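Architecture and fold: a report
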Amino acid sequence: MNRRFAVLRGQVARIGAAVSAAALLPAVAFAQTADPFDTALATVTTKVTSYAGALVGLAAVAVVFMVAVKYVKKLPKAS
């Protein structure tokens, strides 16, 4: 009985390996030379670098505006 299960287990293992190889074969056809994630990451890095300077400048203008409003409110004839 154990010998039958051992033979059966071996056959199932061979069939499983063949099915796995057959299932992975189409995935090789979709392999790409350049990783699209690397391309997207480079694009995002470039855009963030360009937008970061603009956002820092905008934040500086906002801080100056808030400070100016604070001092204008303290002027007695402003209201």
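Residues numbered from 1 in each chain as written. Predicted model: local features only at pLDDT ≥ 70, side-chain atom pairs only at ≥ 80, totals over all residues. Heavy atoms only, no water.

**Re the overall build of the chain**
- A tally of helices and strands in the chain yields two helices and zero strands.
- For the chain, buried positions account for 0% of its 79 residues.
- Roughly 7400 Å² of accessible area belongs to the chain as shown, and the carbon and sulfur atoms make up 73% of that amount. (Helix = DSSP H or I, 4+ residues; strand = E, 2+ residues; numbered from the N terminus. Buried < 20%, exposed > 50% of the residue type's maximum accessible area, 1.4 Å probe, protein only. Areas by Shrake-Rupley, 256 points an atom, 1.4 Å probe, with all protein chains shown as cover.)

**Quick word on a nonpolar patch on the surface**
- On the surface, Tyr51, Leu55 and Leu58 cluster together into a nonpolar patch covering about 360 Å² of accessible area.
- For Leu55, the position within the fold is in helix 2 (residues 36–74).
- Residue Leu55 is classed as exposed on the basis of its relative accessible area, which comes to 55%. (Patch = residues over 30% accessible without salt bridge, like charges linked within 9 Å, V, L, I, M, F, W, Y side chains within 5 Å. Salt bridge = Lys/Arg side-chain N within 4 Å of Asp/Glu carboxyl O.)

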